[in-house]
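The lines below spell out each chain.
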Amino acid sequence: QVQLVESGGGLVQAGGSLRLSCAASGSIFSVNAMDWYRQAPGKQRELVATITSSGSTSYADSVKGRFTISRDYAKNTVYLQMVNLKPEDTAVYYCYADVRTSWSTTKNYWGQGTQVTVSS
């Protein structure tokens, strides 16, 4: 089994910053892409940022220039640095990972989510 544990959410004023972390642990052979998603009340879950196993990154247009995704390969941990936060960034943020658990098996896992609230 593989677990993804997120941390770093909280309440911040508009213009502030937060850093989210997500650590993968368990029966891990290797970790492929790691993503951050978010889901605001009444809205669909949306992809915020992706980082591949080679370090390539991509972002939703709404967060480009404000959010930075990075990872520590040794710790199987992905980070999301968020600056200049806006009230519309308020959501539950979820970590998602594509994990190889053996030579022949790859599975996808979700974290439990962490709340980010940005006040105006």
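The model shown is predicted, which means the values in this text are computed figures rather than measured ones.

### Digging into the pairing of strand 9 (residues 91-100)
Logical step 1: Within strand 9, seven of the 10 residues are buried, which leaves it mostly tucked inside the rest of the structure.
Logical step 2: The pairing of strand 4 (residues 30-39) with strand 9 spans eight bridges and is antiparallel. Counterpart to Gln39 in the pairing with strand 9 is Val92.
Logical step 3: The sheet contact formed by strand 9 and strand 10 (residues 106-110) spans five bridges and is antiparallel. Bridge pairing in strand 10 places Ala97 opposite Tyr109.
Logical step 4: Between the antiparallel neighbours strand 9 and strand 10 lie five residues.

### Overview of the state of the cysteines
Logical step 1: Counted according to the given criterion, the structure contains one disulfide.
Logical step 2: A sulfur-sulfur distance of 2.2 Å marks the disulfide that ties Cys22 to Cys95. Between Cys22 and Cys95 the disulfide shows an S-S torsion of about -80°. By sign, it is left-handed. Residue Cys22 is located in strand 3 (residues 18-26), and its partner Cys95 is located in strand 9; the two are separated by 73 residues in the primary sequence.
Logical step 3: Assessed through its relative accessible area of 0%, Cys22 is described here as buried.
Logical step 4: When its relative accessible area of 0% is taken as the criterion, Cys95 is described as buried.

### Thoughts on the packing of aromatic side chains
Logical step 1: Under the definition given, this model contains five aromatic pairs.
Logical step 2: Aromatic side chains Phe29 and Trp103 sit 4.8 Å apart centroid to centroid with 55° between the ring planes, which places their arrangement in the tilted category. Residue Phe29 is found in the loop between strand 3 and strand 4, and its partner Trp103 is found in the loop between strand 9 and strand 10; the two are separated by 74 residues along the sequence.
Logical step 3: Look at Trp103 and you get exposed, because its relative accessible area is 70%.
Logical step 4: Considering the side-chain rings of Tyr94 and Trp110, the 6.3 Å spacing of their centres and the 90° angle between planes classify their relative orientation as edge-to-face. Of this pair, Tyr94 sits in strand 9 while Trp110 is found in strand 10, placing the two residues 16 residues apart along the sequence.
Logical step 5: The partly exposed category is assigned to Trp110, whose relative accessible area is 39%.
Logical step 6: Of the aromatic side chains, those joined through ring pairs into one cluster are Tyr37, Tyr94, Tyr96 and Trp110.

### As for unusual backbone geometry
Logical step 1: For Asn76, which is not glycine, the phi dihedral falls at a positive 50°.
Logical step 2: Topologically, Asn76 is positioned in the loop between strand 7 (67-72) and strand 8 (77-82).
Logical step 3: Backbone geometry at Asn84 places phi at a positive 50°, although glycine is not the residue there.
Logical step 4: Structurally, the position occupied by Asn84 is in the loop between strand 8 and strand 9.

### Focus on the sheet that holds strand 1 (residues 2-7)
Logical step 1: Overall, antiparallel pairing links the four strands, which are arranged 1-3-8-7 in an open sheet. The sheet is open, and its two borders are formed by strand 1 and strand 7, each paired with just one other strand. When strand polarity is set aside, the average angle formed by the axes of neighbouring strands in this sheet is 15°.

Each value, and the rule that gives it
Residues numbered from 1 in each chain as written. Predicted model: local features only at pLDDT ≥ 70, side-chain atom pairs only at ≥ 80, totals over all residues. Heavy atoms only, no water. Buried < 20%, exposed > 50% of the residue type's maximum accessible area, 1.4 Å probe, protein only. Helix = DSSP H or I, 4+ residues; strand = E, 2+ residues; numbered from the N terminus. Pairing = 2+ DSSP bridges. Disulfide = S-S within 2.5 Å. Phe/Tyr/Trp six-rings, centres within 6.5 Å; stacked < 30°, edge-to-face > 60°. Axes fitted to C-alpha atoms, helices over the stretch in contact; angles between N-to-C directions.

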